[in-house]
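Examination of the molecular architecture
Chain residues, written in single-letter form:
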Amino acid sequence: VGEVQSVIGYCGGGILSFSIHNTDMICQFAGYDPVAVSASIEGGGDVPDGYEPEPAPVASTIAFGSGVQGFHVGHPGKTPSFAVDVLGSEGSLRAGFYLQPTLRDADGAVVDNATLGLPPNVGPFKIAYEQITAHLDGGPAPHCSGSDWVAVNEIGFATIESGITGRRIDLPCSNRERLIFANG
């Protein structure tokens with residue numbers, strides 16, 4: 001796709017327990033250097049005393065230090081969940097957890113995946129679980145580092161904070177007091 005300019009992710013559901021996986025996919029293409037989030041959110045259900053409900057994203061904008069802009073669309077409509085559109089200087093890519101990647105050149109023509117040397121299209125959770133179990137058995141660390149995990153979760157908590165306050169939230173999110181009841 002050339003130089004990545006923006007990444008649009010599509011996934012609703014709870015910010016920290018569901019759509020956070022899509023946030024990670026946005027970062028895989030935009031970078032793990034988020035600097036600010038502006039978001040709108042909705043919902044949340046009944047939670048135990050002392051907790052706030054986990055909302056779902058309606059939409060958010062994620063600014064990255066690299067200059068890439070990320071967009072998270074919470075209501076994907078006909079676009080499949082856990083999918084991203086990567087817009088670059090020389091083409092575009094649609095990829096997702098359950099989609100065969102589709103690369104288009106600068107003229108919009110589909111590029112034959114067989115010419116790209118892509119690995120087999122298997123679910124990301126299968127790959128992650130294999131990497132984690134291999135590491136537990138003494139192998140190399142999984143591809144997702146601790147700092148990547150922190151960056152993705154900073155975006156999640158900043159999405160909630162921005163949605164509640166209506167303000168752009170610089171990262172790291174300075175409010176560390178919210179207790180969000182996520183993943184029930």
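Residues numbered from 1 in each chain as written. Predicted model: local features only at pLDDT ≥ 70, side-chain atom pairs only at ≥ 80, totals over all residues. Heavy atoms only, no water.

1. As for the overall build of the protein chain
When you go through the protein chain residue by residue, the secondary structure sums to three helices and 11 strands. Starting at the N terminus, the α and β elements of the protein chain follow one another as β-α-β-β-β-β-β-β-β-β-α-α-β-β. C-alpha extents for the protein chain along the principal axes are approximately 55 × 45 × 30 Å. Counting every position in the protein chain, which comprises 184 residues, the buried fraction comes to 36%. Residue pairs in contact within the protein chain that sit at least 24 positions apart in sequence constitute 61% of those at least 6 positions apart. Positive and negative side-chain charges in the protein chain, numbering 8 and 20 respectively, have mean positions lying 5 Å apart. (Helix = DSSP H or I, 4+ residues; strand = E, 2+ residues; numbered from the N terminus. Buried < 20%, exposed > 50% of the residue type's maximum accessible area, 1.4 Å probe, protein only. Contact = heavy atoms within 4.5 Å. Lys, Arg positive; Asp, Glu negative; His and termini not counted. Charge placed at Lys NZ, Arg CZ, Asp CG, Glu CD.)

2. A closer look at the pairing of strand 4 (residues 56–64)
Examined bridge by bridge, strand 2 (residues 34–42) and strand 4 share eight bridges and lie antiparallel to one another. Bridging across to strand 4, Ala39 finds its partner in Ser60. Here strand 4 pairs with strand 5 (residues 69–73) via five bridges, running antiparallel. Paired with Ala59 across the two strands is Val73, which belongs to strand 5. (Pairing = 2+ DSSP bridges.)

3. Thoughts on helix 1 (residues 20–30)
Along an α-helix, residues three or four apart share an orientation, since each turn contains 3.6 residues. The buried fraction of helix 1 is high, at eight of 11 residues. Those residues of helix 1 that fall on the buried side of the exposure criterion are Ile20, Asn22, Thr23, Asp24, Met25, Ile26, Cys27 and Ala30. Packing partners of the buried residues in helix 1 comprise strand 1 (4–10), strand 4, strand 5, strand 6 (83–88), strand 7 (91–96) and helix 3 (146–165). Positioned one or two residues after helix 1, Gly31 has a phi angle of 115 degrees, which is positive.

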